[in-house]
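Chain residues, written in single-letter form:
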Amino acid sequence: MKSIGLITVIVCGALLIYYAMDFPNFGDGTSPANTYLSPHFLENTMVDAHVPNSVTTILADYRGYDTMYETTVVLTAGLACFFLLRRRESTSPPARFYRHVPTGLTLRIEEGGKLPAENSKVFTRIDSMWAPDSLIIKNTCRLVIAFVQLFALYVVAHGHYSPGGGFQGGVLMGSSIILFSISNDLRRTLKRFKEKTAAVLGAVGVLIYSGTGFVCLLMGEHFLNYGALSSILGTDKVMARSHGIFSVEIGVAFAVMSVMIWIYYNLSSAGKHDEGL
Amino acid sequence: MEQIVTAIGAKYNYIVYVILMMIGLYAMIVKSNLVKKIIGMNIFQTSIILFYVSTAYKTGKTIPIVPYQGHDAVHAADYINPLPHVLMLTAIVVSVATLGVALSLAMKIYRQYGTLEEDDINENLRSEEGK
Amino acid sequence: MVQHLPALLVVVPLLTALSVSALSWLAPRLCLPLTFGCLGFSLASSVGILMEVIASGPVVYTMGGWSSPIGIVYVIDYLSAPILVVVTAVALINLVASSKQIDRDFSDKKGTFYTLYILFVTGMVGIVATGDAFNLYVLLEIAALTGYSLIGLGQPRAPLSSLNYLFIGTIGASFYLLGVGYLYIATGSLNMADLARFIAMPEHSSSTMVMFAFIICMTGLFTKMGLFPLHGWLPNAYSHASPASSALLAPLTTKVMIYAMIRVCLYVFTPAYVFGTLQISNAIVWIAVAAIVVGSLLALTQKSLFKMLTYIVIAEVGYMVGGFFLGNRMGITGSALHIINDAAMTLCLFLAAGAITYRTKSDSFSDLKGIFKRMPFTMTAFTIGALAVIGIPPTCGFFSKWYLIIGGINAGHYGFAAALIFSSLVNAVLFFRIFEIAYFQSPGDSKDHHHHGHHRHKDKMVEAPLSMLIPLMITALSLIVLGIYTGDIVTHVIQAAIPGVIS
């Protein structure tokens, strides 16, 4: 098996490299790819949508239809993880670990034993793969998470003027919640950001995107033609495009953030939402 | 010989992407651990992303964000090509989604068979069918 | 609103899928009616578009108002319109027929199942309707990801089969993406009509970049459609899934990939390039012959109903690919007609097998004894489907096979025609074997029966529930109707879909 694989790979690789010698040089500014469509995008990004970042204009305006499906792909990943992994078991809990807060002692209570009360101030539940209680990690993460979220909002809002946009900002927001979940534990995160919130918010995010396009359809223009929003927003067509791009970026950010968190919940706890990483 | 060296020097990005792609393909075909196969798949997809992005580069030019306050016409030749970057945003997202689904399936397989080695799983299945 | 039908065709399912996803957490009872309504609307709008295309020619819709090559355009012409009708009809019929099976297999995740179902249909409809090469890739991935999750739950072996399908499917889709990348570097455009214009120019049609792009694109599409020898994922993936999912995926995935192949070959790489400049169509027809022979022979060795049906699907893929690469008008007509017919035949057979499995809880041949007496209506529909696969008039299977055989003889490719006839004979053997077990043997025939009273009890009719039976009978009836109206379909729709340059 190893030799068949090696021979196949070497033959394929040699063929590909041989045929790649016909391609344009690396860094060539006059290749067909660089001279046919892209100049139009670069020259018209300020004219059509008043957005300096041409990547955002192409992403959300010229090829906005593709991006809508891209966001749907993200949502599909979340749905698939939920569909495949989630199980709600109501059997009696296996051995659980508790920490006695005043003394720092760790207790292990076997199946069938008497568990402490849910909201007991003296005993807190910890994961099976536990680590000693660390003040440094908890408090550093507490400080950092706030800044990460602020940066995420900055990245989403400045997608027009600098590299950034909905996808990048959404991932940053999602990672701030995942950081909270890693530094504390999964149950605390679930109390603050329930799975139901993540699921509904993800769908709402993509609904904002396609809803914006659908509103344009209802106003009589083609689907996702943001110029149709100018009558609702009270601006001219160019600024309406700019605002339309911003609104779909917000939708994308919601969707990506919720799906990141949802996938993390399902993957880290293998669907049981009991104990995470 | 001279020609080959100059050709490689001018087009080395294609060689790099082919090597990465073949590493990923080799991992997917030959390795028997499911997680290693998934990593190989990720390398494979990343090589294609590298290929597209490398075709967008123009030597010495800057990122495709045009000046906000300027009244001169924009010269497209001063900026790199933005279109492959946009296409690859999509490809990255698709690659992450596929990774998520693959890991969920791998988790289900682990829960069921207790192992992630393909040889052990096949032996498990063969002994089940033999019963 | 009517001129926005091409957009609504894809947008309404997408919006419904998102609403169902949100509602499955908030108001679960609304999920099934919404899904049903959405698929019904899709079917109605695709029939509407078909009428419009027949009346006034291809429909072009620009997304976002940007015309090609700057934006993404949707082109619905004579080739896509009938396939849109087929895709939405199959999805709707399967939803009704499998609702009981969904209740049994996915009782606590129904909302998510319906969401993935509609997203899969959205992906398929998008692949058929799009006119942009990169958009095809994105929609291909949506359909693929939802497919992997739909077949990941079911029988115990489902996750492993789905993971193997995922690996091979990802390689296929990535190869297609690479091919599009090569075309982009060569020409600078992503729009299908624009690429065709470029490839017709002599400096591109003789370049190795375009040839290599063709090879890689085709390899990717062949992997996703399950052409021999890249078919390894198909039997396991479709037979270990829940019957509700496999009855949706089996008729649609391979056929829409074949449509994508036809679209890319005829409308991106122009026919002059594919059949003239490149000299590989002969080789591909021989690969298709191998697919037909291997698929039919392997189907003979199977002892389980679903596995046998999946090998028949592999053989049918060989029919369509071989018919297309013959290069003459008869062959391509047969191939396009067979897409429509094969989707209907496969749906009928898989629904019948699903109904049988719903009642008997197993699908091995030894458990099918005497099932004709217990489930007469299901087995009648199964018989009609079997006759269509064998190719007996007036079912639709006969007519498309006829076109393919005539096309093979016209092109001088007697091997292909012989393979088709061989496959029909093997299919006859396969299905008559099942008829013998189902009709002539009674369940008490096994050597180790203990109670004489029991097999009298088993002979009474335990038919499938009505929600499964009525869609099944409608599908079986449509096989005959499609056969009777073949002449109309070919002259009005398919002949116009094939470019004039092909003789």
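Residues numbered from 1 in each chain as written. Chains lettered and ligands numbered in written order. Predicted model: local features only at pLDDT ≥ 70, side-chain atom pairs only at ≥ 80, totals over all residues. Heavy atoms only, no water.

(A) Main features of the sheet that holds strand S2 (residues 105–109) of chain A. Residues and elements named next belong to chain A. One open sheet holds the three strands; their spatial order is S2-S1-S3, and the pairing between them is antiparallel. The two strands at the open ends of the sheet, each matched to only one other strand, are S2 and strand S3 (123–126). Taken pair by pair, the neighbouring strands of this sheet meet at an average axis angle of 35°, ignoring direction. The pairing of strand S1 (residues 96–100) with S2 spans five bridges and is classified as antiparallel. (Pairing = 2+ DSSP bridges. Helix = DSSP H or I, 4+ residues; strand = E, 2+ residues; numbered from the N terminus. Axes fitted to C-alpha atoms, helices over the stretch in contact; angles between N-to-C directions.)

(B) Summary view of the layout of surface pockets. Empty space within the largest pocket amounts to approximately 1,300 Å³. Around the largest pocket sit 44 residues that line it, and Ile 171, Phe 175, Thr 219, Thr 223 and Leu 230 of chain C are the ones nearest its centre. Listed by contribution, the elements that provide at least two residues to the lining of the largest pocket are helix H1 (2–20) of chain A, helix H2 (12–30) and helix H5 (118–130) of chain B together with helix H7 (158–187), helix H10 (208–225), helix H11 (233–239) and helix H14 (281–300) of chain C. Across the lining of the largest pocket, the residue classes tally to 32 nonpolar, nine polar and three charged. (1 Å grid on protein atoms, 1.4 Å probe; cavity = no way out; pocket = protein on both sides within 12 Å on 5 of 7 lines; lining within 4 Å. Points joined across faces, edges and corners; volume = space filled by probe spheres on them. Nonpolar A, V, L, I, M, F, W, Y, C, P; charged D, E, K, R; others polar.)

(C) Expanded view of the side chain of Thr 310 of chain C. Note that Thr 310 of chain C resides in helix H15 (residues 305–325). Residues in contact with Thr 310 of chain C, not counting those within four places in the same chain, are Leu 234, Pro 235, Tyr 238, Ser 239 and Phe 350 of chain C. (Contact = heavy atoms within 4.5 Å.)

(D) View of a positive patch on the surface. On the surface, Lys 100, Arg 104, Arg 359 and Lys 361 of chain C cluster together into a positively charged patch. Mapped onto the fold, Lys 100 of chain C is located in helix H4 (residues 99–105). (Patch = residues over 30% accessible without salt bridge, like charges linked within 9 Å, V, L, I, M, F, W, Y side chains within 5 Å. Areas by Shrake-Rupley, 256 points an atom, 1.4 Å probe, with all protein chains shown as cover. Salt bridge = Lys/Arg side-chain N within 4 Å of Asp/Glu carboxyl O. Lys, Arg positive; Asp, Glu negative; His and termini not counted. Charge placed at Lys NZ, Arg CZ, Asp CG, Glu CD.)

(E) Looking closely at the pairing of S1 of chain A. Counting buried residues in S1 of chain A gives four out of five residues, a clear majority hidden from the surface. Turn length for the S1 of chain A-S2 of chain A hairpin, with the two strands adjacent in sequence and antiparallel, is four residues, and the turn residue Gly 104 of chain A shows positive phi of about 85°. (Buried < 20%, exposed > 50% of the residue type's maximum accessible area, 1.4 Å probe, protein only.)

(F) Molecular detail of the packing of aromatic side chains. Throughout the structure, instances matching the rule amount to 43 aromatic pairs over all chains. Ring centres of Tyr 165 of chain C and Trp 233 of chain C lie 4.3 Å apart, and the angle between their planes is 10°; this geometry places the pair in the stacked category. Pair noted here: Tyr 165 of chain C is in helix H7 and Trp 233 of chain C is in helix H11, with a separation of 68 residues, a long-range link. Across the pair, Trp 233 of chain C and Tyr 165 of chain C agree in class, each one buried. Members of the aromatic cluster, each reached through a chain of ring pairs, are Tyr 18, Tyr 19 and Phe 23 of chain A, Tyr 14, Tyr 17, Phe 51 and Tyr 52 of chain B together with Tyr 182 and Phe 212 of chain C. Sitting over the ring of Phe 198 of chain C, Arg 197 of chain C keeps its end group 5.1 Å from the ring centre. Looking at Arg 263 of chain C, its charged tip hangs above the ring of Tyr 267 of chain C, at a distance of 4.8 Å from the centre. (Phe/Tyr/Trp six-rings, centres within 6.5 Å; stacked < 30°, edge-to-face > 60°. Lys NZ or Arg CZ within 6 Å of the ring centre and 35° of its normal.)

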